[in-house]
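# Reading the structure
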Amino acid sequence: MYLIVGLGNPGRDYAGTRHNVGFSAIAELSDVCGILVNTRKHKALTGNARIGGNKALLAMPQTYMNLSGESVRAMVDYYQIDPEKELIVIYDDVSLDVGQLRIRKKGSAGGHNGMKNIIRMLGTDVFTRIRVGVGAKPEKTDLADYVLGHFAGEEQEAIREAVKEAAEAVTTILTDGADAAMNRYNQAKKKKEG
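Residues numbered from 1 in each chain as written. Predicted model: local features only at pLDDT ≥ 70, side-chain atom pairs only at ≥ 80, totals over all residues. Heavy atoms only, no water.

A complete count under the given rule lists 6 salt bridges for this structure. For Arg 18, the salt bridge is made with Glu 155, and the minimal N-O distance between the two is 2.8 Å. Highlighted residues: Arg 18 in the loop between strand E1 (2–6) and helix H1 (21–33) and Glu 155 in the loop between helix H5 (143–147) and helix H6 (156–176), separated in sequence by 137 residues. (Salt bridge = Lys/Arg side-chain N within 4 Å of Asp/Glu carboxyl O. Helix = DSSP H or I, 4+ residues; strand = E, 2+ residues; numbered from the N terminus.)

Set out below in structure tokens:
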């Protein structure tokens, strides 16, 4: 079984913020799979899905971002998930342009507190991750304020498309492998001429 985790913060106040694109990707996947992600287990909202013929658990940790690893560790242990082969984490990245995807099979947290906690709790950084670009913070803006803020009007379309592509990338990873997904989705997006 695969464990697909989208990172974010619970509660209405955080819905649609930059930090919650992981939750948005899980919501997109649940729509595509025709399931609900509403079962409370392991400090997360979860839902069982079939993706490309594979069993998958979709999960949105409810611990708040900085403690995401508590929930992920509980699910990895309970379902006997091999992180290297069966875990995919989707999260926001301020070092990528809005809407840009970057898929990797291992790596550091890159300053992302949710990922730092997951890596610490699992004791490994070898697991697949899908980073969704939310754009660099403007100068003189606090990083926390920025990632907890909402997307500007002109960014909405790009982020909707990126969330859709992140969900498609999960399907590609489960059916064709992470390398195929990296080849397909790690391309730089061209800026639209207007």
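Counting through the fold element by element, Ser 68 comes out in helix H2 (residues 68–78). Assessed through its relative accessible area of 1%, Ser 68 is described here as buried. With near-sequence residues (within four places) excluded, Ser 68 lies in contact with Leu 7, Pro 61, Thr 63, Gly 114, Asn 117 and Ile 118. (Buried < 20%, exposed > 50% of the residue type's maximum accessible area, 1.4 Å probe, protein only. Contact = heavy atoms within 4.5 Å.)

Here we take up unusual backbone geometry. Positive phi, normally seen in glycine, also occurs at His 42, with a value near 55°. In the Ramachandran plot, Lys 140 falls in the positive-phi region, its phi being about 60° despite a non-glycine side chain. Position of Lys 140 among the secondary structure elements: in the loop between strand E7 (128–133) and H5.

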